[in-house]
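# Analysis of the macromolecular model
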Amino acid sequence: MSHDPAIPPAPRPGGEGFRALDAGWRQWIAENRLRHCTAESMLATMAQAGLDPAECERAIRAMEEDPAFLAARKFQQLNAKLASVMANQQRLRELDPLYGHVEKRSRVSPAEFMDKYVIGSRPVVLTDVARDWPAMRRWSPQDLRERFGHLEVEVQAERSADPNYEVNKLEHQRKTRLADFVDRVLAGGATNDYYLTANNEMLSRPGFAPLLDDIGTLPAFCDRSQLARRASFWFGPAGTVTPLHHDTLMLCHTQVVGRKRWRFISPLQTPLLYNHFEVYSPVDIDRPDLARYPLFAQATVLDVVVEPGETVFLPLGWWHQVSSLDVSLSFSYSNLAVPNEYRFDNPRITNW
(Lines give C-alpha, C1' and ligand atoms only; values in the text may rest on other atoms or scores of the structure.)
Protein backbone atom coordinates (compact mmCIF):
# COMPACT_ATOMS: atom_id res chain seq x y z
CA MET A 1 0.00 0.00 0.00
CA SER A 2 1.59 3.32 -1.07
CA HIS A 3 1.91 6.31 1.32
CA ASP A 4 -0.42 9.23 0.53
CA PRO A 5 1.83 12.36 0.42
CA ALA A 6 -1.11 14.50 1.63
CA ILE A 7 -1.07 12.73 5.01
CA PRO A 8 1.94 13.67 7.16
CA PRO A 9 3.81 10.81 8.80
CA ALA A 10 3.21 10.15 12.48
CA PRO A 11 5.64 12.04 14.77
CA ARG A 12 8.66 10.05 15.84
CA PRO A 13 9.58 9.68 19.50
CA GLY A 14 12.14 12.23 20.67
CA GLY A 15 12.67 15.98 20.42
CA GLU A 16 10.12 16.52 17.65
CA GLY A 17 7.28 15.98 20.13
CA PHE A 18 8.34 18.80 22.48
CA ARG A 19 7.29 22.44 22.45
CA ALA A 20 9.87 24.94 21.21
CA LEU A 21 12.10 26.70 23.72
CA ASP A 22 11.45 30.14 22.23
CA ALA A 23 12.47 33.67 23.24
CA GLY A 24 9.52 33.93 25.63
CA TRP A 25 10.71 30.90 27.58
CA ARG A 26 14.30 32.20 27.62
CA GLN A 27 13.03 35.46 29.13
CA TRP A 28 11.07 33.38 31.65
CA ILE A 29 14.31 31.61 32.63
CA ALA A 30 16.06 34.96 33.17
CA GLU A 31 13.20 36.41 35.22
CA ASN A 32 12.93 33.37 37.45
CA ARG A 33 16.67 33.17 38.04
CA LEU A 34 16.55 36.84 39.04
CA ARG A 35 13.82 35.82 41.49
CA HIS A 36 16.28 33.22 42.85
CA CYS A 37 14.17 30.25 41.74
CA THR A 38 16.18 27.02 41.69
CA ALA A 39 17.08 25.26 38.47
CA GLU A 40 15.23 22.19 39.73
CA SER A 41 11.94 24.00 40.25
CA MET A 42 12.24 25.70 36.86
CA LEU A 43 12.97 22.43 35.10
CA ALA A 44 9.91 20.84 36.68
CA THR A 45 7.67 23.68 35.46
CA MET A 46 9.12 23.64 31.96
CA ALA A 47 8.86 19.85 31.62
CA GLN A 48 5.23 20.02 32.75
CA ALA A 49 4.64 22.61 30.00
CA GLY A 50 5.89 20.14 27.39
CA LEU A 51 9.45 21.36 26.81
CA ASP A 52 12.49 19.12 26.32
CA PRO A 53 14.14 18.73 29.78
CA ALA A 54 17.62 18.30 28.30
CA GLU A 55 17.29 21.46 26.20
CA CYS A 56 15.88 23.36 29.18
CA GLU A 57 18.75 22.31 31.41
CA ARG A 58 21.26 23.54 28.83
CA ALA A 59 19.39 26.84 28.48
CA ILE A 60 19.34 27.41 32.25
CA ARG A 61 23.09 26.76 32.50
CA ALA A 62 23.78 29.01 29.53
CA MET A 63 21.76 31.85 31.09
CA GLU A 64 24.29 32.16 33.93
CA GLU A 65 26.92 33.24 31.37
CA ASP A 66 24.69 35.36 29.13
CA PRO A 67 26.08 38.96 28.96
CA ALA A 68 22.61 40.56 29.16
CA PHE A 69 21.73 38.42 32.18
CA LEU A 70 25.00 39.32 33.91
CA ALA A 71 24.19 43.01 33.34
CA ALA A 72 20.73 42.45 34.84
CA ARG A 73 22.41 40.91 37.91
CA LYS A 74 24.36 44.15 38.45
CA PHE A 75 21.21 46.26 38.32
CA GLN A 76 19.55 43.75 40.65
CA GLN A 77 22.28 44.40 43.23
CA LEU A 78 21.70 48.15 43.01
CA ASN A 79 17.94 47.67 43.39
CA ALA A 80 18.47 45.35 46.37
CA LYS A 81 20.59 48.02 48.07
CA LEU A 82 17.82 50.62 47.65
CA ALA A 83 15.24 48.16 49.01
CA SER A 84 17.43 47.46 52.05
CA VAL A 85 17.85 51.19 52.73
CA MET A 86 14.06 51.62 52.63
CA ALA A 87 13.52 48.60 54.88
CA ASN A 88 15.99 49.93 57.47
CA GLN A 89 14.35 53.35 57.47
CA GLN A 90 11.00 51.65 57.99
CA ARG A 91 12.41 49.66 60.94
CA LEU A 92 13.50 52.92 62.56
CA ARG A 93 10.04 54.43 62.11
CA GLU A 94 8.41 51.38 63.67
CA LEU A 95 10.48 51.86 66.85
CA ASP A 96 7.82 54.44 67.72
CA PRO A 97 5.36 52.52 69.93
CA LEU A 98 2.51 54.50 68.36
CA TYR A 99 3.57 53.82 64.77
CA GLY A 100 0.67 51.45 64.10
CA HIS A 101 -1.91 53.94 65.37
CA VAL A 102 -3.50 56.53 63.06
CA GLU A 103 -4.06 59.61 65.20
CA LYS A 104 -7.32 61.51 65.34
CA ARG A 105 -6.53 65.17 66.04
CA SER A 106 -8.14 68.57 66.27
CA ARG A 107 -6.68 72.08 66.39
CA VAL A 108 -3.45 71.12 64.66
CA SER A 109 -1.45 74.25 63.90
CA PRO A 110 -0.14 74.77 60.36
CA ALA A 111 3.45 74.52 61.65
CA GLU A 112 2.82 71.22 63.44
CA PHE A 113 0.87 69.84 60.49
CA MET A 114 3.71 70.66 58.12
CA ASP A 115 6.40 69.27 60.39
CA LYS A 116 4.73 66.12 61.71
CA TYR A 117 2.46 65.00 58.88
CA VAL A 118 3.68 66.53 55.59
CA ILE A 119 7.46 66.45 56.09
CA GLY A 120 7.15 63.66 58.65
CA SER A 121 5.00 61.71 56.17
CA ARG A 122 2.35 60.37 58.52
CA PRO A 123 -1.38 59.87 57.85
CA VAL A 124 -3.69 61.59 60.30
CA VAL A 125 -7.44 62.06 60.75
CA LEU A 126 -8.47 65.66 61.47
CA THR A 127 -11.74 65.79 63.38
CA ASP A 128 -12.58 69.51 63.17
CA VAL A 129 -12.07 70.48 59.52
CA ALA A 130 -15.73 70.27 58.49
CA ARG A 131 -17.25 71.69 61.66
CA ASP A 132 -18.87 74.66 59.83
CA TRP A 133 -19.51 73.05 56.45
CA PRO A 134 -23.11 73.40 55.19
CA ALA A 135 -22.51 70.05 53.50
CA MET A 136 -22.56 68.33 56.89
CA ARG A 137 -26.15 69.46 57.41
CA ARG A 138 -27.37 69.30 53.83
CA TRP A 139 -25.78 66.46 51.87
CA SER A 140 -27.65 63.19 51.52
CA PRO A 141 -28.59 60.90 48.63
CA GLN A 142 -32.04 62.50 48.64
CA ASP A 143 -30.51 65.98 48.45
CA LEU A 144 -28.44 64.92 45.45
CA ARG A 145 -31.57 63.67 43.70
CA GLU A 146 -33.56 66.83 44.44
CA ARG A 147 -30.91 69.37 43.43
CA PHE A 148 -28.92 67.57 40.73
CA GLY A 149 -30.93 64.51 39.73
CA HIS A 150 -31.59 65.83 36.21
CA LEU A 151 -27.87 66.10 35.47
CA GLU A 152 -25.82 63.36 33.85
CA VAL A 153 -22.81 61.88 35.67
CA GLU A 154 -20.15 59.36 34.82
CA VAL A 155 -19.95 56.37 37.15
CA GLN A 156 -17.91 53.19 37.37
CA ALA A 157 -20.13 50.16 36.72
CA GLU A 158 -19.93 46.38 36.19
CA ARG A 159 -16.89 46.20 38.44
CA SER A 160 -17.69 42.93 40.20
CA ALA A 161 -16.90 40.78 37.16
CA ASP A 162 -13.44 42.33 36.66
CA PRO A 163 -10.71 41.63 39.26
CA ASN A 164 -8.74 44.56 37.80
CA TYR A 165 -11.60 47.05 37.73
CA GLU A 166 -9.48 49.92 38.99
CA VAL A 167 -6.67 49.41 36.50
CA ASN A 168 -9.32 49.03 33.77
CA LYS A 169 -11.46 51.92 35.03
CA LEU A 170 -11.83 53.50 31.59
CA GLU A 171 -13.60 50.35 30.40
CA HIS A 172 -16.12 50.66 33.25
CA GLN A 173 -17.22 54.23 32.59
CA ARG A 174 -20.98 54.57 32.16
CA LYS A 175 -23.14 57.70 31.90
CA THR A 176 -26.41 57.98 33.77
CA ARG A 177 -28.76 60.55 35.27
CA LEU A 178 -27.76 61.22 38.85
CA ALA A 179 -31.36 60.61 40.01
CA ASP A 180 -31.26 57.11 38.54
CA PHE A 181 -27.92 56.40 40.17
CA VAL A 182 -29.19 57.59 43.57
CA ASP A 183 -32.15 55.23 43.29
CA ARG A 184 -29.86 52.38 42.33
CA VAL A 185 -27.59 52.99 45.33
CA LEU A 186 -30.47 53.19 47.79
CA ALA A 187 -32.19 50.08 46.46
CA GLY A 188 -29.18 47.89 45.72
CA GLY A 189 -27.71 47.26 49.15
CA ALA A 190 -24.03 46.65 49.79
CA THR A 191 -22.06 46.10 46.58
CA ASN A 192 -18.81 46.96 44.84
CA ASP A 193 -20.38 46.80 41.40
CA TYR A 194 -20.96 50.53 40.90
CA TYR A 195 -19.47 53.71 42.34
CA LEU A 196 -19.35 57.41 41.49
CA THR A 197 -15.63 58.13 42.01
CA ALA A 198 -13.24 61.05 41.67
CA ASN A 199 -12.75 60.19 38.00
CA ASN A 200 -16.14 61.69 37.18
CA GLU A 201 -14.76 65.27 37.46
CA MET A 202 -18.30 66.53 37.94
CA LEU A 203 -17.22 69.39 40.19
CA SER A 204 -15.65 71.11 37.18
CA ARG A 205 -19.11 71.49 35.61
CA PRO A 206 -21.20 74.63 36.32
CA GLY A 207 -24.30 72.60 37.16
CA PHE A 208 -22.60 71.11 40.21
CA ALA A 209 -21.11 74.39 41.47
CA PRO A 210 -23.59 74.53 44.41
CA LEU A 211 -21.79 71.54 45.92
CA LEU A 212 -18.66 73.66 46.24
CA ASP A 213 -20.72 76.36 47.95
CA ASP A 214 -21.49 73.76 50.64
CA ILE A 215 -17.80 73.53 51.59
CA GLY A 216 -17.03 75.81 54.52
CA THR A 217 -13.73 76.72 56.12
CA LEU A 218 -10.71 74.83 54.83
CA PRO A 219 -7.61 74.05 56.87
CA ALA A 220 -5.03 76.84 57.00
CA PHE A 221 -2.65 74.69 54.97
CA CYS A 222 -5.04 74.75 51.95
CA ASP A 223 -5.35 77.35 49.19
CA ARG A 224 -9.05 78.16 48.79
CA SER A 225 -8.54 79.77 45.37
CA GLN A 226 -7.52 76.39 43.94
CA LEU A 227 -10.44 74.40 45.37
CA ALA A 228 -12.70 74.33 42.31
CA ARG A 229 -10.09 72.70 40.08
CA ARG A 230 -8.54 70.44 42.69
CA ALA A 231 -11.57 68.83 44.34
CA SER A 232 -13.44 65.58 43.74
CA PHE A 233 -16.77 64.09 44.78
CA TRP A 234 -17.47 60.46 45.73
CA PHE A 235 -20.83 58.72 46.15
CA GLY A 236 -21.66 55.06 46.40
CA PRO A 237 -23.18 52.21 48.40
CA ALA A 238 -21.74 50.31 51.31
CA GLY A 239 -19.35 47.68 50.06
CA THR A 240 -17.34 49.70 47.54
CA VAL A 241 -13.60 49.05 47.64
CA THR A 242 -10.86 51.20 46.19
CA PRO A 243 -8.01 48.69 45.77
CA LEU A 244 -4.50 49.09 47.13
CA HIS A 245 -2.67 51.90 45.32
CA HIS A 246 -0.81 55.13 45.96
CA ASP A 247 -1.56 58.64 44.73
CA THR A 248 1.05 60.92 43.16
CA LEU A 249 0.23 63.92 45.34
CA MET A 250 -1.02 64.69 48.84
CA LEU A 251 -4.69 65.23 49.57
CA CYS A 252 -7.44 65.54 52.16
CA HIS A 253 -10.56 63.38 52.04
CA THR A 254 -13.53 64.52 54.13
CA GLN A 255 -16.24 62.04 55.00
CA VAL A 256 -19.63 63.78 54.90
CA VAL A 257 -22.14 60.90 54.99
CA GLY A 258 -21.36 57.34 56.10
CA ARG A 259 -18.12 55.74 57.25
CA LYS A 260 -15.06 54.47 55.40
CA ARG A 261 -12.32 52.15 56.52
CA TRP A 262 -8.85 53.31 55.45
CA ARG A 263 -5.81 51.07 55.57
CA PHE A 264 -2.35 52.48 54.93
CA ILE A 265 1.09 51.08 54.15
CA SER A 266 4.23 53.20 54.15
CA PRO A 267 5.86 54.00 50.80
CA LEU A 268 9.06 52.65 52.34
CA GLN A 269 7.46 49.20 52.08
CA THR A 270 6.79 49.46 48.35
CA PRO A 271 9.18 46.53 47.61
CA LEU A 272 6.76 44.27 49.53
CA LEU A 273 3.71 45.20 47.42
CA TYR A 274 4.51 43.80 43.96
CA ASN A 275 4.05 47.18 42.28
CA HIS A 276 4.60 46.07 38.68
CA PHE A 277 2.10 48.38 36.98
CA GLU A 278 1.69 52.13 37.42
CA VAL A 279 0.51 53.00 40.97
CA TYR A 280 -1.28 49.73 41.73
CA SER A 281 -0.58 46.70 43.89
CA PRO A 282 -2.30 43.38 43.08
CA VAL A 283 -2.50 42.56 46.80
CA ASP A 284 -5.98 42.62 48.34
CA ILE A 285 -5.55 43.51 52.02
CA ASP A 286 -8.88 41.82 52.80
CA ARG A 287 -7.76 38.51 51.27
CA PRO A 288 -3.99 38.55 50.68
CA ASP A 289 -2.74 35.62 48.60
CA LEU A 290 0.49 34.95 50.48
CA ALA A 291 1.33 31.96 48.32
CA ARG A 292 1.53 34.29 45.32
CA TYR A 293 2.65 37.44 47.17
CA PRO A 294 4.67 36.15 50.16
CA LEU A 295 6.58 39.41 50.79
CA PHE A 296 3.32 41.12 51.78
CA ALA A 297 3.40 39.20 55.07
CA GLN A 298 6.19 41.59 56.15
CA ALA A 299 4.15 44.74 55.54
CA THR A 300 2.78 46.81 58.42
CA VAL A 301 -0.81 47.90 57.84
CA LEU A 302 -2.30 50.93 59.63
CA ASP A 303 -6.07 50.77 60.04
CA VAL A 304 -8.65 53.45 60.90
CA VAL A 305 -12.40 53.99 60.48
CA VAL A 306 -13.24 57.54 59.39
CA GLU A 307 -16.56 58.87 60.69
CA PRO A 308 -18.82 61.60 59.22
CA GLY A 309 -17.20 65.00 59.71
CA GLU A 310 -13.68 63.59 59.85
CA THR A 311 -10.93 64.26 57.31
CA VAL A 312 -8.09 61.96 56.30
CA PHE A 313 -4.79 63.52 55.36
CA LEU A 314 -3.04 61.25 52.85
CA PRO A 315 0.74 61.86 52.84
CA LEU A 316 2.81 61.57 49.69
CA GLY A 317 3.15 58.09 48.25
CA TRP A 318 1.37 56.21 51.05
CA TRP A 319 -0.39 53.08 49.86
CA HIS A 320 -4.05 52.81 50.83
CA GLN A 321 -7.08 50.59 50.37
CA VAL A 322 -10.46 52.14 51.18
CA SER A 323 -13.75 50.38 51.92
CA SER A 324 -17.16 52.00 52.38
CA LEU A 325 -18.97 50.68 55.45
CA ASP A 326 -22.20 52.60 54.71
CA VAL A 327 -23.80 54.53 51.87
CA SER A 328 -21.14 57.19 51.52
CA LEU A 329 -20.72 60.78 50.31
CA SER A 330 -17.17 62.14 50.43
CA PHE A 331 -15.24 65.18 49.27
CA SER A 332 -11.52 65.13 48.51
CA TYR A 333 -9.21 68.03 47.70
CA SER A 334 -5.52 68.41 46.90
CA ASN A 335 -5.21 72.22 47.02
CA LEU A 336 -2.54 72.19 49.70
CA ALA A 337 -0.58 75.43 49.99
CA VAL A 338 2.69 73.47 49.84
CA PRO A 339 4.49 71.93 46.85
CA ASN A 340 2.15 69.19 45.67
CA GLU A 341 3.36 68.08 42.26
CA TYR A 342 5.74 65.12 42.27
CA ARG A 343 7.24 62.76 39.72
CA PHE A 344 7.04 58.98 40.04
CA ASP A 345 8.76 56.68 37.58
CA ASN A 346 6.03 54.07 37.50
CA PRO A 347 6.54 50.62 35.99
CA ARG A 348 4.28 49.34 33.21
CA ILE A 349 4.90 45.60 33.39
CA THR A 350 1.82 43.67 32.33
CA ASN A 351 3.21 40.16 31.95
CA TRP A 352 4.89 39.56 35.32
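Described in the following lines is the structure provided in the data block. (Residues numbered from 1 in each chain as written. Predicted model: local features only at pLDDT ≥ 70, side-chain atom pairs only at ≥ 80, totals over all residues. Heavy atoms only, no water.)

## Observations concerning the overall build of the protein
In terms of regular secondary structure, the protein is built from nine helices and twelve strands. Since a compact globule built from 352 residues should have a radius of gyration of about 20 Å, the 26 Å found for the protein marks it as more spread out than a globular shape. The principal-axis extents of the C-alpha atoms in the protein amount to approximately 90 × 55 × 30 Å. The proportion of buried residues among the 352 residues of the protein is 44%. Looking at the protein as shown, the accessible area adds up to about 18800 Å², and 54% of this sits on carbon and sulfur atoms. (Helix = DSSP H or I, 4+ residues; strand = E, 2+ residues; numbered from the N terminus. Rg over C-alpha atoms; globule rule 2.2 N^0.38 Å. Buried < 20%, exposed > 50% of the residue type's maximum accessible area, 1.4 Å probe, protein only. Areas by Shrake-Rupley, 256 points an atom, 1.4 Å probe, with all protein chains shown as cover.)

## What about the environment of tyrosine 117?
Inspection of the secondary structure assignment puts tyrosine 117 in helix α5 (residues 110–119). Here tyrosine 117 falls in the buried class, since its relative accessible area comes to 0%. Note: C-alpha distance between tyrosine 117 and alanine 68 (49 residues apart in sequence) is 43 Å. In this structure, tyrosine 117 is in contact with Glu103, Arg105, Val108, Glu112, Arg122, Pro123, Val124, Phe313 and Pro315, ignoring residues within four places of it in sequence. (Contact = heavy atoms within 4.5 Å.)

## Focus: the nonpolar core
Among the nonpolar cores identified, the biggest contains 44 residues, and Phe233, Phe331 and Tyr333 are the most heavily contacted of them. Residue contributions to this core peak at four residues, all from helix α8 (residues 178–188). In this structure tyrosine 333 touches Val129, Trp133, Leu218, Pro219, Cys222, Leu227, Arg230, Ala231, Leu251, Cys252, Thr254 and Thr311, once residues within four positions along its chain are discounted. In terms of nonpolar packing, the next biggest core, distinct from the first, is built from 13 residues, Tyr99, Leu251, Leu314 and Val322 among them. (Core = buried A, V, L, I, M, F, W, Y, C linked by side-chain atoms within 4.5 Å.)

## Here we look at unusual backbone geometry
A negative phi angle is the norm for most residues apart from glycine, just as the trans form is the norm for most peptide bonds. One non-glycine residue, histidine 36, lies in positive phi territory at about 70°. By secondary structure assignment, the location of histidine 36 is in the loop between α1 (23–34) and α2 (39–48).

## Things to note about the packing of aromatic side chains
A full pass over the atoms with the stated rule returns 15 aromatic pairs. Taking the centre distance of 4.7 Å and the plane angle of 70° together, the rings of phenylalanine 113 and phenylalanine 313 count as edge-to-face. In this pair, phenylalanine 113 sits in helix α5 while phenylalanine 313 sits in strand β10 (residues 311–314), placing the two residues 200 residues apart along the sequence. In this structure, phenylalanine 113 and phenylalanine 313 share a single accessibility class: buried. (Phe/Tyr/Trp six-rings, centres within 6.5 Å; stacked < 30°, edge-to-face > 60°.)

## Focus: α5
What α5 keeps buried is the set Phe113, Tyr117 and Val118. The buried residues of α5 occupy one face: seen down the axis, they fall within an arc of 85°. Exposed positions of α5 whose direction lies more than 90 degrees from the buried face are Ala111, Asp115 and Ile119. Buried residues along α5 sit against β1 (104–105), β2 (124–126) and β10. One or two residues past the end of α5 sits serine 121, with phi positive at roughly 55°. (Arc of directions from axis to C-beta.)

## Brief notes about the side chain of lysine 169
Summarising the element assignment, lysine 169 is placed in the loop between β3 (152–156) and β4 (173–177). Among residues more than four places away in sequence, those in contact with lysine 169 are Gln156, Asn199 and Tyr280.

## Some points on the sheet that holds strand β9 (residues 302–306)
Across the sheet, which stays open at both edges, the four strands sit in the order β6-β11-β8-β9 with antiparallel pairing between neighbours. The open sheet has two edge strands with one neighbour each: β6 (241–246) and β9. Averaged over all adjacent pairs, the angle separating strand axes in this sheet is 15°, with direction ignored. As paired elements, β6 and strand β11 (residues 319–324) share four bridges and run antiparallel to each other. When the bridges of β11 are listed, threonine 242 appears paired with valine 322. (Pairing = 2+ DSSP bridges. Axes fitted to C-alpha atoms, helices over the stretch in contact; angles between N-to-C directions.)

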